[in-house]
Amino acid sequence: DVKVTQSSRYLVKRTGEKVFLECVQDMDHENMFWYRQDPGLGLRLIYFSYDVKMKEKGDIPEGYSVSREKKERFSLILESASTNQTSMYLCASSWRASTEAFFGQGTRLTVV
Amino acid sequence: RKEVEQDPGPFNVPEGATVAFNCTYSNSASQSFFWYRQDCRKEPKLLMSVYSSGNEDGRFTAQLNRASQYISLLIRDSKLSDSATYLCVVNGDNYGQNFVFGPGTRLSVLP
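Now for a quick tour of the structure. (Residues numbered from 1 in each chain as written. Chains lettered and ligands numbered in written order. Predicted model: local features only at pLDDT ≥ 70, side-chain atom pairs only at ≥ 80, totals over all residues. Heavy atoms only, no water.)

With that settled, consider the overall build of chain A. Looking only at helices and strands, chain A has zero helices and 11 strands in total. Ordered by position from N to C terminus, the α and β elements of chain A give β-β-β-β-β-β-β-β-β-β-β. Expected size for 112 residues packed as a compact globule is a radius of gyration near 13 Å; at 13 Å, chain A falls within 12% of this value. Once the C-alpha set of chain A is aligned to its principal axes, its extents read approximately 35 × 25 × 25 Å. In chain A, which comprises 112 residues, the proportion classed as buried is 50%. Considering only residue pairs separated by 6 or more positions, chain A has 54% of its internal contacts joining residues 24 or more positions apart. Counting only carbon and sulfur atoms, one obtains 49% of the accessible surface of chain A, whose full area is about 5,500 Å². Averaging the positions of the 16 positive and the 15 negative side-chain charges in chain A gives two centres separated by 5 Å. (Helix = DSSP H or I, 4+ residues; strand = E, 2+ residues; numbered from the N terminus. Rg over C-alpha atoms; globule rule 2.2 N^0.38 Å. Buried < 20%, exposed > 50% of the residue type's maximum accessible area, 1.4 Å probe, protein only. Contact = heavy atoms within 4.5 Å. Areas by Shrake-Rupley, 256 points an atom, 1.4 Å probe, with all protein chains shown as cover. Lys, Arg positive; Asp, Glu negative; His and termini not counted. Charge placed at Lys NZ, Arg CZ, Asp CG, Glu CD.)

Structure (structure tokens):
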């Protein structure tokens, strides 16, 4: 079974802190994604990566950056956390563009 | 217009009922289509891929109409355990490298 693991289930951070969310997949997938999910807004793509060191902006990249130094790991960085970044963050990976995405268990981030 | 739209829901149905979900997408270049299921406070999980010829997996049937840019999911003989939010997903851009999720339709199957 494909496993996508996110480093934390729950996080509480203060406004202005730099926050790192880590995601690791164990199936040698090319593509990795970061989404956030908010009530009434559904899943929105923040960034995705189709190869090591490659990244593409999604629909809502402002306030976020990403890093993919190794194929299995995709990190989401909140440079200076703000309260409007309180959300559920979901990492996903897929083998190719046409194949299904597998999700991690999600990180519920609260910024106070 | 949103890229992927779904029935707003929620759908409240009795056990044993048949329920159908509809989904439309705007990007005619989309090549891959999926239905995901998401339980409350959990991550989305693949329910089934959707193929041009239509496909069935037990009580679940998915259909795709490329000309109308329309996808459907039919659930027969609903079980209590089918209660969840159902997400329609298409691969989104011209490179087909990301996924666009619909807002989801919540289903509650009642005893």
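Following the structure, the description resumes.
Attention now moves to the state of the cysteines. One pass over the structure, following the stated rule, counts two disulfides over all chains. Across the disulfide from Cys23 of chain A sits Cys91 of chain A; the S-S distance is 1.9 Å. Handedness of the Cys23 of chain A-Cys91 of chain A disulfide follows from its S-S torsion of about -75 degrees: it is left-handed. Taken together, the residues span a long stretch of sequence, with Cys23 of chain A in strand S3 (residues 19-25) and Cys91 of chain A in strand S9 (residues 87-94) at a distance of 68 residues. With a relative accessible area of 0%, Cys23 of chain A lands in the buried category. Exposure remark for Cys91 of chain A: the relative accessible area of 0% places this residue in the buried category. The residue that forms a disulfide with Cys23 of chain B is Cys88 of chain B, at a sulfur-sulfur distance of 2.0 Å. For the disulfide bridge between Cys23 of chain B and Cys88 of chain B, the dihedral angle about the S-S bond is near -75 degrees, and by the sign convention the bridge is left-handed. With a gap of 65 residues between them, Cys23 of chain B in strand S3 (residues 19-25) and Cys88 of chain B in strand S9 (residues 84-91) connect regions that are remote in the sequence. (Disulfide = S-S within 2.5 Å.)

A word on the sheet that holds strand S1 (residues 4-6) of chain A. All names here are of chain A. Strands sit in the order S1-S3-S8-S7 across an open sheet of four strands; the sheet is antiparallel. The two strands at the open ends of the sheet, each matched to only one other strand, are S1 and strand S7 (64-70). Direction aside, neighbouring strands of the sheet carry axes that sit 20 degrees apart on average. Relative to strand S8 (residues 73-78), S7 runs antiparallel, the two being bridged by five bridges. Directly across from Lys70, in S8, lies its bridge partner Arg73. (Pairing = 2+ DSSP bridges. Axes fitted to C-alpha atoms, helices over the stretch in contact; angles between N-to-C directions.)

Here we come to the interface of chain B and chain A. Listed as interface residues are 17 residues of chain B and, on the opposing side, 19 residues of chain A. Overall, the association of chain B and chain A removes approximately 1,700 Å² of surface from exposure, summing both partners, and the carbon and sulfur fraction of that is 56%. Along the contact surface separating chain B from chain A lie zero salt bridges. If you look at where chain B meets chain A, you find three residue pairs in polar contact (both at pLDDT 80 or more). Broken down by secondary-structure element, the contributors of at least two residues to the side of chain B that touches chain A are strand S4 (33-38), S9 and strand S10 (99-101) of chain B. Counting residues per element, the side of chain B that touches chain A draws most heavily on S4 of chain B, at three residues. (Buried area = accessible area lost by both parts, 1.4 Å probe. Salt bridge = Lys/Arg side-chain N within 4 Å of Asp/Glu carboxyl O. Polar contact = N/O pair within 3.5 Å; in protein donor to acceptor, adjacent residues only side chain to side chain.)

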